[in-house]
Amino acid sequence: MTTLAPTPRDNSGRKWQLALGVIALGAWVLRALPFLHRHGALGYFTSYDEGVYFSASALLWQGKLPYRDFTFVHPPGALLLWSLASAWTSLVGPASAFALARWMATGVGALNTFLAGRLSLKTWGPVAAVVTATTYAVQPEAITLERGPFIDPLLNLCCLGFATVWLMRRGDGAPRAWRAGVLAGLAVCVKALGGIWGVAALLSRPAAMGWRRAMNLVLAGALTAVTVVGPLAARAPGAFWQQAVQFQLRRPEDGFLDRWTRLQDMLPERRALVVALVLLGLVVALTRAVLRRGEERPVERFVATAYVLTVISYLFAHSYYTTYNAFLTPTLALLAGLGGATLVGWGQRLGRMGGPAVAAAVVLAALQPARELARGLPSGPTMELQLARHVYAQATEDTTVCAFEPSWGLVANRLPPHVQDAPRAVDPYALMLGEAIAAGTRYATIQEAFQAEGSQLGMRALLSRCDIAILGARGQRQLNPASQHWLAEHFTERPLEQVPGAGVWERRDESLRAERPCPRSPTASHPGC
């Protein structure tokens, strides 16, 4: 018999649903707060990835297909889901549609907060629900990515929706396998890492469930994936394989390379109180999975398995950055809720005031990451706005402006340009790295890959047809010395007092020719030329 105290449960009252709604509203405010000023959603710092995903989604609605017409190294699910905003590009312009997508992302973050709390409420009771929702609401990585059209907000939404359908059972105890499978398949279509939650569901299934029902989940997920990915992959199967599969398998190490450093980043000392709740929740979940029987066992096995598999995948991934922890947030929050509810259960043994006192302490512990949220808010016009005013606004419509950060063009109401006989640089990072990988050479680090001449040819072909090139820190890092020398020979740097270090270069009058003509037939290295 386990010594762990039971978690307090009372999921019948509507007041707890209302409490979760209030926390979700607070989560939305935290995400939308930087947009509430005179510059609106476009006045907050942009990120490279959100520029890539929104641009790709907008181009898809203009008939330009990923893999065939431009490089895209993920499944296409996010492009289709973000089309709720990007489809308006042709009517209101890229800038307004991009702003709409950023507002939509804040709503997705609030919904994710509510779903995580509700799942915890139905399983472990109101204390766990409040702690889970609070933990999700204030996690800085989730907040950062739920301010824009990134992959992770949609991935978390699909996974939490899947878990809700899979774990909340009918009267006869049978999971809604087909509907759950559709959501699991959709998660994989957004990002392959979403498959972790499907694996966790299969590994944690109760003994009473036969393999037939489990296979219904797999079949529904597979059919969904084929339906979403198949039509786009079929238009350029070779390019899809090289970009969405081989690129991920053969890419060099990037981000935090040391695995111990990655683990410390996932369990940061600066959030020691939250980490303690998570680890306690993990211990409780694993202990109950072994020692208990009944309804709670598969839920706790599911959450613990999904969390552990995600941590392992990040430890051994080719690439890892702190923002990747946004996908870890749902399971982290659920485990924190379980840990917090367990502490409150123990506290109730101390007397009538023990439980409430411990509950207040646990909620305060869940709020610990909120200290980090005040950092990094813009105090004036951002670099993106300054570039829009002093570079893009002064360029005529037929002036080709090429930026290594696609989001800079979006703020200035421009999509990545298409130029003749050169690849469309929706994702310059993936374009250049894909060319290096396609050459067949293995690289230990991303810096080594960008030093290779093979990574430079497609980008130089594009730059040779641009009137203005904006490098920024990313361009200066990705262009090797030979390419930077070539740029200085054919372009003149234009210093901007308002945007120091932007790396704005204007082409001289002479006509340039690409050092290598772009192939007539699309390939993985040069799609859509």
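Residues numbered from 1 in each chain as written. Predicted model: local features only at pLDDT ≥ 70, side-chain atom pairs only at ≥ 80, totals over all residues. Heavy atoms only, no water.

1. Regarding the overall build of the protein chain
Within the protein chain, the secondary structure is distributed over 25 helices and six strands. Residue pairs at least 24 apart in sequence account for 77% of intrachain contacts in the protein chain once pairs closer than 6 positions are excluded. Working note: accessible area of the protein chain is about 22,100 Å², and carbon and sulfur atoms make up 60% of it. (Helix = DSSP H or I, 4+ residues; strand = E, 2+ residues; numbered from the N terminus. Contact = heavy atoms within 4.5 Å. Areas by Shrake-Rupley, 256 points an atom, 1.4 Å probe, with all protein chains shown as cover.)

2. A short note on the nonpolar core
If you look at the biggest cluster of nonpolar residues, it comprises 150 residues, and the most contacted ones within it are Phe 162, Trp 166, Trp 197, Phe 302, Leu 387, Met 459 and Ile 470. Ranked by the residues each element gives to this core, the list is headed by helix H9 (residues 151–167), at eleven residues. Of all hydrophobic cores here, the second largest spans nine residues; its members include Ile 23, Ala 27, Ala 133 and Ala 137. (Core = buried A, V, L, I, M, F, W, Y, C linked by side-chain atoms within 4.5 Å. Buried < 20%, exposed > 50% of the residue type's maximum accessible area, 1.4 Å probe, protein only.)

3. Observations regarding the packing of helix H7 (residues 126–138) against helix H18 (residues 354–366)
Look at H7 against H18: their axes get within 8 Å of each other, and the N-to-C directions meet at 20 degrees. One element, H7, and the other, H18, form an angle in the roughly parallel class. In this structure, H7 meets H18 at a crossing whose hand is right-handed. Across the interface between the two elements, Val 130, Val 131, Thr 134, Thr 135 and Val 138 from H7 touch Val 362, Val 363 and Ala 366 from H18. Of the residues contributing to the contact of H7 with H18, the split by class is six nonpolar, two polar and no charged. (Axes fitted to C-alpha atoms, helices over the stretch in contact; angles between N-to-C directions. Parallel < 35°, antiparallel > 145°, perpendicular 65-115°, else oblique. Left-handed = near helix turned anticlockwise from the far one by under 90°. Nonpolar A, V, L, I, M, F, W, Y, C, P; charged D, E, K, R; others polar.)

4. Concerning the state of the cysteines
Applying the stated rule across the entire model yields one disulfide. Disulfide pairing is shown between Cys 402 and Cys 466; the S-S distance is 1.8 Å. With the S-S bond torsion at -75 degrees, the cross-link from Cys 402 to Cys 466 turns out left-handed. Here Cys 466 lies in the loop between helix H23 (457–463) and strand E4 (468–470) and Cys 402 lies in strand E3 (residues 401–403), a separation of 64 residues in the sequence. Here the two residues Cys 402 and Cys 466 agree in accessibility, since each one is buried. (Disulfide = S-S within 2.5 Å.)

5. Overview of the sheet that holds E3
A sheet is described by the order of its strands in space; here four strands give the open sequence E3-E4-E6-E5, paired in mixed fashion. Each having just a single partner strand, E3 and strand E5 (491–493) make up the two edges of the open sheet. Adjacent strand axes in the sheet meet at a mean angle of 25 degrees, parallel and antiparallel pairs treated alike. Relative to strand E6 (residues 504–507), E5 is paired through three bridges, and the arrangement is antiparallel. When the bridges of E6 are listed, Glu 493 appears paired with Trp 505. (Pairing = 2+ DSSP bridges.)

6. Observations concerning the side chain of Asn 325
Locating Asn 325 in the fold gives a position in the loop between strand E2 (319–320) and helix H17 (329–347). In this structure the side chain of Asn 325 is engaged in a polar contact, spanning 3.0 Å, whose partner is the side chain of Tyr 320. Apart from residues no more than four positions distant in its own chain, Asn 325 is found in contact with Glu 141, Asp 265, Met 266, Tyr 314 and Tyr 320. (Polar contact = N/O pair within 3.5 Å; in protein donor to acceptor, adjacent residues only side chain to side chain.)

7. Some thoughts on the pattern of salt bridges
All chains considered together, the criterion is met by twelve salt bridges. Put simply, Asp 69 and Arg 68 hold a salt bridge, and the shortest N to O gap is 2.8 Å. Across the pair Glu 405 and Arg 474 runs a salt bridge whose closest N-O atoms are separated by 3.1 Å. Here Glu 405 is found in the loop between E3 and helix H20 (406–411), whereas its partner Arg 474 is found in helix H24 (residues 472–478), with 69 residues between them in sequence. Residue Glu 405 is classed as buried on the basis of its relative accessible area of 13%. Where salt bridges share partners, they join Glu 141, Arg 270, Arg 271 and Glu 372 into one cluster. (Salt bridge = Lys/Arg side-chain N within 4 Å of Asp/Glu carboxyl O.)

8. Digging into the environment of Val 52
Within the secondary structure, Val 52 sits in helix H2 (residues 48–60). Through-space distance from the C-alpha of Val 52 to that of Phe 150 is 8.8 Å; in sequence the pair is 98 residues apart. For Val 52, the contacting residues outside a window of four places in its chain are Phe 72, Pro 406, Val 426 and Asp 427.

9. With respect to a nonpolar patch on the surface
Side chains of Leu 25, Val 29, Leu 33, Leu 36 and Trp 103 sit close together on the surface and give an oily, nonpolar patch of about 460 Å² of accessible area. When you line up the elements, Trp 103 lands in helix H6 (residues 94–124). Judged by relative accessible area, which is 32%, Trp 103 ranks as partly exposed. (Patch = residues over 30% accessible without salt bridge, like charges linked within 9 Å, V, L, I, M, F, W, Y side chains within 5 Å.)

10. Side note on the environment of Thr 261
Looking at where Thr 261 falls in the secondary structure, it is placed in helix H14 (residues 259–266). For the pair Thr 261 and Leu 315, spaced 54 residues apart in sequence, the C-alpha to C-alpha distance is 9.3 Å.

11. Quick look at the packing of aromatic side chains
Counting across every chain of the model gives 18 aromatic pairs. Judged by centre distance (5.0 Å) and plane angle (90 degrees), the rings of Tyr 67 and Phe 240 are edge-to-face. Highlighted residues: Tyr 67 in the loop between H2 and helix H3 (77–81) and Phe 240 in helix H13 (residues 237–250), separated in sequence by 173 residues. For Tyr 67, a relative accessible area of 0% gives the class buried. Members of the aromatic cluster, each reached through a chain of ring pairs, are Trp 28, Phe 35, Tyr 44, Phe 45 and Trp 103. One Lys or Arg, Lys 191, reaches over the ring of Tyr 324 and ends 5.3 Å from the middle of that ring. (Phe/Tyr/Trp six-rings, centres within 6.5 Å; stacked < 30°, edge-to-face > 60°. Lys NZ or Arg CZ within 6 Å of the ring centre and 35° of its normal.)

12. Here's the deal with H13
Its 14 residues place the ends of H13 18 Å apart at the C-alpha level, agreeing with the 20 Å of an ideal helix rising 1.5 Å per residue. If you look at H13, its biggest bend is around 25 degrees, right at Gln 243. When we look at burial in H13, the residues that qualify are Ala 239, Phe 240, Gln 243, Ala 244 and Phe 247. Packing partners of the buried residues in H13 comprise helix H12 (211–235) and helix H21 (428–438). (Expected span 1.5 Å × (residues − 1). Bend = angle between axes of the 7 residues up to and from the residue.)

13. A closer look at the side chain of Arg 288
Counting through the fold element by element, Arg 288 comes out in helix H15 (residues 272–291). Only 2.7 Å separates the side chain of Arg 288 from the side chain of Glu 300, close enough to count as a polar contact.

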